[in-house]
Amino acid sequence: MENDENEPSLNNSVNGSVQYIFNQGDGNKMEFKFDEKGLIPAIIQDEATKDVLMVAYMNKESLQKTLETGKTHFWSRSRQTLWLKGETSGHYQLVKEIWYDCDEDTLLVKVEQIGDVACHTGERSCFYRKLYPATDV
């Protein structure tokens, strides 16, 4: 069964992970490898400052919603539901670019962070604590 040229499709791969094939419409196909739960990690980076804001997970539906709306959507592993970043806080992330890595199993999403807060703790970035080198207290 053939897919519409612009329609994404899911195919099971041999190792239990899931491949997501996205046709751009110009003949180029991008294949992404999702884990056995149908998820792919997405690193969210501020386009202007290059700061890493957060890491979240996308499934096929959240990636498609992100591509359609230009705002980040993720799959909540704890709540088992799709969520739009900023829906309750107003701190939306406007997608500027999406890159994928050499193994096709991680996404890098460059965004404009609205509200300057990406973390649910109220911090600008989820990466506000340093492990190494140790910081004097």
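For the structure itself, look to the data block above.
Residues numbered from 1 in each chain as written. Predicted model: local features only at pLDDT ≥ 70, side-chain atom pairs only at ≥ 80, totals over all residues. Heavy atoms only, no water.

## Let's talk about unusual backbone geometry
Next, step 1: Here the bond from Tyr132 into Pro133 is cis, since omega is -10 degrees, no more than 30 degrees from zero.
Next, step 2: Within the chain, Gln80 stands out as a residue other than glycine whose phi angle is a positive 55 degrees.
Next, step 3: Within the element layout of this structure, Gln80 appears in the loop between strand E6 (73–76) and strand E7 (81–84). (Helix = DSSP H or I, 4+ residues; strand = E, 2+ residues; numbered from the N terminus.)

## Remarks on the sheet that holds strand E9 (residues 107–113)
Next, step 1: The four strands lie next to each other as E5-E4-E9-E8, forming an open sheet whose pairing is mixed. Looking at strand neighbours, the two that pair on one side only are strand E5 (52–58) and strand E8 (93–100), the edges of this open sheet. The mean angle between the axes of side-by-side strands here comes to 25 degrees, regardless of whether they run parallel or antiparallel.
Next, step 2: Here strand E4 (residues 40–46) runs beside E5; their pairing, made up of six bridges, is antiparallel. By the bridge assignment for E5, Ile44 is matched with Met54. (Pairing = 2+ DSSP bridges. Axes fitted to C-alpha atoms, helices over the stretch in contact; angles between N-to-C directions.)

## Focus on a nonpolar patch on the surface
Next, step 1: On the surface, a nonpolar cluster with roughly 260 Å² of combined accessible area is contributed by Val52, Val55 and Phe127.
Next, step 2: One can find Val55 in strand E5.
Next, step 3: Among the residues examined, Val55 registers a relative accessible area of 42% and is labelled partly exposed. (Patch = residues over 30% accessible without salt bridge, like charges linked within 9 Å, V, L, I, M, F, W, Y side chains within 5 Å. Areas by Shrake-Rupley, 256 points an atom, 1.4 Å probe, with all protein chains shown as cover. Salt bridge = Lys/Arg side-chain N within 4 Å of Asp/Glu carboxyl O. Buried < 20%, exposed > 50% of the residue type's maximum accessible area, 1.4 Å probe, protein only.)

## A few points about the packing of aromatic side chains
The geometry of an aromatic ring pair is captured by two quantities: the separation of the ring centres and the angle between the planes.
Next, step 1: Counted by the stated rule, this structure contains two aromatic pairs.
Next, step 2: With centroids separated by 5.0 Å and ring planes inclined at 85 degrees, the aromatic side chains of Phe32 and Tyr100 adopt a geometry described as edge-to-face. On the criterion of sequence distance, the pair formed by Phe32 in strand E3 (residues 29–34) and Tyr100 in strand E8 is long-range, its members being 68 residues apart.
Next, step 3: Residue classification places Phe32 among the buried residues on the basis of a relative accessible area of 6%.
Next, step 4: Judged by relative accessible area, which is 36%, Tyr100 ranks as partly exposed.
Next, step 5: Between Phe74 and Trp83, the ring centres sit 5.1 Å apart and the planes meet at 45 degrees, which makes this aromatic pair tilted.
Next, step 6: Using a relative accessible area of 0% as the deciding quantity, one classes Phe74 as buried.
Next, step 7: It is Lys71 that lies over the ring of Tyr92; its NZ or CZ is 4.3 Å from the centre. (Phe/Tyr/Trp six-rings, centres within 6.5 Å; stacked < 30°, edge-to-face > 60°. Lys NZ or Arg CZ within 6 Å of the ring centre and 35° of its normal.)

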